[in-house]
Amino acid sequence: MTDSHSAPRIGGWLLLPLAWLIMTLLTSALVLAMYLSALMNPALREALLNNTQAFTLQWTLSLATSLAMWIYSIWVTWLFCKRSRRLPRHYIIWLLLTVVLAIKTFAFSPVSDNAALRTLLIALLVTSVLVPYFKRSKRVKETFITR
């Protein structure tokens, strides 16, 4: 028996933001594993510790940023699955953080400009579509806000 006042199930176009969230969560887990693998490999760990203090600080900040984004992504996924009222605001914040991190990658990371630009453009495109959707969509309001 279902309650007539319960929020609609997650479905329809809401599956797309959920898929983007899960894909980014998995990607950030892989990035985190890449950073942590440097600590497990003795040669990489020695190179990391024997390098300049600025490099070690930059690597540590990147690791901390990846860990924070991974934890926040897990929490936003949990809010999404719980159909929490807090989800729309936090999903928008999460999208904006992905854009900020893409800008950071483009400006400061030693990756090719093409890869960094592609990451930035995808983050901007997804954010430009999903932020208005989360702000104005009737489905989002019914699923997450009104109960």
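Everything that follows concerns the structure shown earlier in this document.
Everything numeric in this text was worked out from a predicted model, so none of it was measured.

Draft legend 1. Fine view of the overall build of the protein. Regarding its fold elements, the protein presents 6 helices and 0 strands. When the helices and strands of the protein are placed in sequence order, the string is α-α-α-α-α-α. Computed over C-alpha atoms, the radius of gyration of the protein comes to 19 Å, more than 25% over the 15 Å expected from 2.2 N^0.38 for 147 residues, which places it beyond the range of a compact globule. Principal-axis analysis of the C-alpha atoms places the extent of the protein at approximately 65 × 30 × 20 Å. The 147 residues of the protein split such that 33% are buried. Across the protein, every contact between residues at least 6 apart in sequence was considered, and the portion connecting residues at least 24 apart equals 71%. Accessible area for the protein stands at about 9700 Å²; split by element, carbon and sulfur atoms hold 69% of it. Between the centroid of the 15 positive side chains of the protein and the centroid of its 4 negative side chains there is a distance of 10 Å.

Draft legend 2. Expanded view of the packing of aromatic side chains. Tallied over the entire structure, the rule returns 9 aromatic pairs. The interplanar angle of 25 degrees and the centroid separation of 6.5 Å between the aromatic rings of Phe134 and Phe144 together place this pair among those described as stacked. A residue pair is termed long-range when its members are at least 10 positions apart, and Phe134 in helix 5 (residues 113–136) and Phe144 in helix 6 (residues 138–145) qualify at 10 residues. On the basis of relative accessibility, which here comes to 0%, the residue Phe144 falls in the buried class. Among the aromatic side chains, those forming a connected cluster through ring pairs are Phe80, Tyr91, Trp94, Tyr133, Phe134 and Phe144.

Draft legend 3. Representation of the nonpolar core in the model. Core analysis: the largest hydrophobic core is formed by 20 residues, its most contacted members being Phe80, Leu87, Tyr91, Trp94, Leu95 and Phe134. Only helix 1 (15–40), helix 3 (53–82), helix 4 (87–108), helix 5 and helix 6 provide two or more residues apiece to this core. Look past the residues within four positions of Phe134 in its chain and what remains in contact with it is Leu14, Pro17, Phe80, Leu87, Pro88, Tyr91, Ile92, Val140 and Phe144. Listed in part, the 6 residues of the second largest apolar core include Leu32, Tyr35, Ala38 and Leu63.

Draft legend 4. Region of the structure containing the side chain of His90. Note that His90 resides in helix 4. For His90, a relative accessible area of 14% translates into the label buried. Residues contacting His90, with those up to four places away along its chain left out, are Tyr72, Trp75, Val76 and Leu79.

Quick notes on the rules
- Residues numbered from 1 in each chain as written.
- Predicted model: local features only at pLDDT ≥ 70, side-chain atom pairs only at ≥ 80, totals over all residues.
- Heavy atoms only, no water.
- Helix = DSSP H or I, 4+ residues; strand = E, 2+ residues; numbered from the N terminus.
- Rg over C-alpha atoms; globule rule 2.2 N^0.38 Å.
- Buried < 20%, exposed > 50% of the residue type's maximum accessible area, 1.4 Å probe, protein only.
- Contact = heavy atoms within 4.5 Å.
- Areas by Shrake-Rupley, 256 points an atom, 1.4 Å probe, with all protein chains shown as cover.
- Lys, Arg positive; Asp, Glu negative; His and termini not counted.
- Charge placed at Lys NZ, Arg CZ, Asp CG, Glu CD.
- Phe/Tyr/Trp six-rings, centres within 6.5 Å; stacked < 30°, edge-to-face > 60°.
- Core = buried A, V, L, I, M, F, W, Y, C linked by side-chain atoms within 4.5 Å.

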